[in-house]
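# Remarks on the overall topology
Chain residues, written in single-letter form:
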Amino acid sequence: MSFTIPEEVTSRLNRSELAVPGSNSALFEKAAASKADVIFLDLEDAVAPDDKEQARKNVIEAINDIDWGNKTLSVRINGLDTPYMYRDVIDIMEQAGERLDLIMIPKVGTASDVYALDMLCTQIEAAKGRKKPVGFEMIIETALGMQNINEIAASSKRNESLHFGVADYAASTKARTTGIGGPNPMYGVLTDIDGDIPRDFHWGDMWHYAIARMVVAARANGLRPIDGPFGDYSDPNGFKAQANRAAILGCEGKWAIHPSQIGIANEVNSPSDAEVTKANRILEAMEEAQRDGKGAVSLDGRLIDLASIRQATVLVDKAKEIAA
Ligand code: GLV
Ligand code: MG
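So, how was this worked out
- Residues numbered from 1 in each chain as written.
- Chains lettered and ligands numbered in written order.
- Predicted model: local features only at pLDDT ≥ 70, side-chain atom pairs only at ≥ 80, totals over all residues.
- Heavy atoms only, no water.
- Helix = DSSP H or I, 4+ residues; strand = E, 2+ residues; numbered from the N terminus.
- Polar contact = N/O pair within 3.5 Å; in protein donor to acceptor, adjacent residues only side chain to side chain.
- Contact = heavy atoms within 4.5 Å.
- Donors = N, O, S within 2.8 Å, 3.2 Å for Na, K, Ca; no water.
- Buried < 20%, exposed > 50% of the residue type's maximum accessible area, 1.4 Å probe, protein only.
- Salt bridge = Lys/Arg side-chain N within 4 Å of Asp/Glu carboxyl O.
- Near = heavy atom within 4 Å.
- Areas by Shrake-Rupley, 256 points an atom, 1.4 Å probe, with all protein chains shown as cover.
- Nonpolar A, V, L, I, M, F, W, Y, C, P; charged D, E, K, R; others polar.

Before going further, it helps to examine the side chain of Asp-118. By the secondary structure assignment, Asp-118 is in helix α4 (residues 111-128). Among the polar contacts made by the side chain of Asp-118, one reaches the side chain of Arg-158 at a distance of 2.7 Å. Beyond its immediate stretch of four places on either side in the chain, Asp-118 contacts Phe-136, Ser-156 and Arg-158.

Structure, rendered in structure tokens:
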């Protein structure tokens, strides 16, 4: 290990994060009763400009009046380049009670964006005597945000998670796709013509680099990496495949833009019984190895060593967190 050890932020289950438009208050009670780990009430892109003010009022009322159970509750404010953001933060922080856990910052581009919001929240918390400091979720969804991701991740003690906002990221980088989160089927290569070897089209994940980079920046700063939206809610298999590949890379959750996606996100982001059983067997085998003074042994014909303990512990700890 390095002498620098990233400190993990407030631990929360974040397997599924349900997006709920702040302008549609009819959906709030249903969201509160859902199985989503985190809910974000949206004041940004799901709300039309003419509805911004009413949505803000709805959201404040909902935070104060609805029983959100043990869910983590967040509000996505408008971007720092809009005329709405300052009032979003001031009204929400002044008028919504301590039930609010997080503020989601969209299109974060630089560490200074976070610094500015930290200053504003710190002042309001002090002025209003709020006891619980609000945490930040930050959406990486522009080329600028991706360029500055390391500094953004390290920018405030309030930071809890980084999110990959694939739709805006595609727009910002001018990627060739119009779907939200789905991959362009043309993203692949055709193998060279080489003698009798048949040519093959090898498909790739056009979002691999962005997600992998976000995972590294998040984990190096003790934050949760979360994969963003998948717009085609009538394609559960597509959603599941996207959620799986993000989870395998280290993400610990995915957005749900429709209630039907919540259960799939929870399932994908929970270690399976088989994974936990295997992890426990590795831990037992390594305990025995250590008793015998060995650093590495074989289990089922495969080498396991001290790194295997760390890998297995991640899965076992996550299973315990879910069961708690
Ligand atoms: C989310 O905000 C996205 O742009 O994908
Ligand atoms: Mg966006």
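Turning to the coordination of the magnesium ion (ligand 2), a few remarks are in order. Protein-derived ligands of the magnesium ion (ligand 2) are Glu-141 (OE) and Asp-168 (OD), with the metal-ligand distances lying across 2.0 to 2.1 Å. You can see Glu-141 sitting in the loop between β5 (135-140) and α5 (143-147) and its partner Asp-168 sitting in helix α7 (residues 166-173), a full 27 residues away along the chain. Judged by its relative accessible area of 2%, Glu-141 is buried.

The final tally for this structure, using the stated rule, is 22 salt bridges. Among the ionic pairs, Glu-44 bridges to Lys-107, the shortest N-O distance being 2.5 Å. Of the two residues, Glu-44 is situated in the loop between β2 (38-42) and α2 (52-65) and Lys-107 in the loop between β4 (102-105) and α4; the sequence distance between them amounts to 63 residues. What makes Lys-107 partly exposed here is its relative accessible area of 29%. Among the salt bridges present, the one from Asp-88 reaches Arg-56, with a minimum N-O distance of 2.7 Å. Residue Asp-88 is located in helix α3 (residues 85-95), and its partner Arg-56 is located in helix α2; the two are separated by 32 residues in the primary sequence.

Taken together, the residues surrounding ligand 1 are Arg-76, Glu-141, Gly-165, Val-166, Ala-167, Asp-168, Pro-229 and Trp-255. Here Arg-76 contributes a side-chain N or O atom positioned 2.9 Å from an oxygen atom of ligand 1. Val-166 has a polar backbone atom sitting 3.1 Å from an oxygen atom of ligand 1. For ligand 1, whose unbound accessible area comes to 190 Å², protein coverage reaches 93%. Tallied by class, the residues present in the shell around ligand 1 amount to 4 nonpolar, 1 polar and 3 charged.

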